[in-house]
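Structural description and commentary
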Amino acid sequence: MKRRGNLIILSGPSGVGKGTIRKALMAIPGVNLYYSVSLTTRSIRPGEVEGKDYYYVTREEFEKAIAEDNLLEYAEFVGNYYGTPRDKVEAKRDQGIDVLLEIEVNGTQKVIAKCPDAITVFIVPPSFEALESRIRGRSTECEEVIQRRLNKAKVEMEYAKDYKYVVVNDDVNEAAKKILEIIKSQDIA
Ligand code: 5GP
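Our subject in this report is the structure included herewith.

How each quantity is defined
Residue positions are counted from 1 within each chain, in the order its sequence is given. In keeping with the predicted nature of the model, local features appear solely for residues at pLDDT of at least 70, side-chain atom pairs appear and are counted solely at 80 or more, and the whole-chain, interface and lining totals rest on all residues. The side-chain numbers reported here are obtained from all heavy atoms of the structure, hydrogens and water having been left aside. Residues belong to one nonpolar core when they are buried, are Ala, Val, Leu, Ile, Met, Phe, Trp, Tyr or Cys, and are joined through side-chain atoms within 4.5 Å. Working definition: with a 1.4 Å probe on protein chains only, accessible area under 20% of the residue-type maximum means buried, over 50% means exposed, and in between means partly exposed. Think of it this way: any DSSP run of H or I at least four residues long counts as a helix, any run of E at least two long counts as a strand, and we number them from the N terminus. Contacts between residues were defined by any pair of non-hydrogen atoms, one from each residue, lying within 4.5 Å. The criterion for an aromatic pair is that two Phe, Tyr or Trp rings (for Trp, the six-membered ring) have centres within 6.5 Å, with stacked assigned to planes under 30 degrees apart, edge-to-face to planes over 60 apart and tilted to the rest. Working definition: residue near molecule or strand if any one of its non-hydrogen atoms lies within 4 Å of it. Think of a polar contact as two N or O atoms within 3.5 Å of one another; within protein, one of them needs to be a possible hydrogen donor and the other a possible acceptor, and neighboring residues in sequence only count if both atoms come from side chains. Each accessible area is a Shrake-Rupley estimate made with a 1.4 Å probe; only the visible protein chains count as cover when residues are assessed. Grid spacing is 1 Å over the protein atoms alone, the probe is 1.4 Å, and a cavity is where that probe fits but cannot get out, while a pocket is an open set with protein on both sides within 12 Å along at least five of seven lines and lining residues have an atom within 4 Å of a point. For this analysis, a molecule is said to be in a pocket or cavity if more than half of its atoms are within 2 Å of the grid points defining it. By the convention adopted, Pro, Cys, Tyr, Trp, Phe, Met, Ile, Leu, Val and Ala count as nonpolar, Lys, Arg, Asp and Glu as charged, and the other residues, Gly among them, as polar.

Describing the nonpolar core
One finds Leu25, Leu33, Leu100, Val121, Ile123, Val167 and Ile179 to be the most contacted residues of the largest nonpolar core, which totals 26 residues. Contributing elements (two or more residues each) for this core: strand E1 (7–11), helix H1 (18–27), strand E2 (33–35), strand E8 (119–124), helix H5 (128–138), helix H6 (143–157) and helix H7 (172–188). Per element, the largest residue contribution to this core is six residues, and it comes from H7. Excluding anything up to four places from it in sequence, Ile123 contacts Leu10, Ser11, Gly12, Pro13, Val16, Lys18, Ile21, Val167, Asn169 and Ile179. In this structure, Leu72, Val89, Val111 and Cys115 belong to the second largest nonpolar core, which totals eleven residues.

Regarding the environment of Lys178
Relative to the assigned elements, Lys178 resides in helix H7. In the structure, Lys178 is positioned 28 residues away from Leu150 in sequence and 26 Å away in space, judged by C-alpha atoms.

Let's talk about the packing of aromatic side chains
All told, the structure shown has seven aromatic pairs when counted by the stated rule. Where Phe62 meets Tyr81, the ring centres are 4.6 Å apart and the plane angle is 5°; that geometry is what we call stacked. Here the residue Phe62 occupies a position in helix H2 (residues 59–67), and Tyr81 occupies one in strand E6 (residues 80–85), the gap between them amounting to 19 residues. Summarising the burial analysis for this pair, Phe62 and Tyr81 share the class buried.

Concerning the site of the ligand
Taken together, the neighbourhood of the ligand is formed by 17 residues, with Ser38, Arg42, Tyr54, Tyr82 and Glu104 sitting nearest. For the ligand, an oxygen atom lies 3.4 Å from a polar atom in the side chain of Thr84. When the ligand is considered free in solution it has 510 Å² of accessible area, and contact with the protein chains removes 96% of it. When atom positions are compared with the pocket grids, the ligand is found to occupy the largest pocket. If you list the elements that add at least two residues to the shell around the ligand, you get strand E5 (71–77) and E6. Across the shell around the ligand, the residue classes tally to five nonpolar, four polar and eight charged.

The following block contains the structure:
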């Protein structure tokens, strides 16, 4: 029987560098992962691309997707909705392709409940100061939203214990390599 694709979840506090690690992981030669692009109601940031970083939708469109049960999981994060479209994830896994989700901690809990075999990886910063400077450095948002993201990050760090693997982001490429080793080790097991 054909092997079903793994479901790999990258999570961790906001600003820890999940997106950068995900891109580094997918750029490693020979890596064949399908990245599931999420729906979000937040505004597009400079440099982001519709359909590549997110599908940017209205609250009405998002709520319709919830009502029609089109989302594998979703969560509200500092005032906006974020969710994973279900169809593509299932189709790719059925084709034997490994699927990567990059989502926050509450959404991960929902996926773990539905797919206990998911490979869950929690990314931690080398220190909270490093996380704060990342959140401030990249932010195009106002101080109030930054504060909310910082407070949220402290709470999010508590979730590390629920994950199968914890990877420290002190070097993006090293962290990406560690995640690749984790994924490969699952296929041997
Ligand atoms: P950001 O606004 O910084 O792009 O994302 C905020 C948080 O939402 C990040 O932790 C990001 O990983 C998470 N996120 C992105 N897409 C999804 C999703 O589909 N579901 C959930 N639960 N979280 C998501």
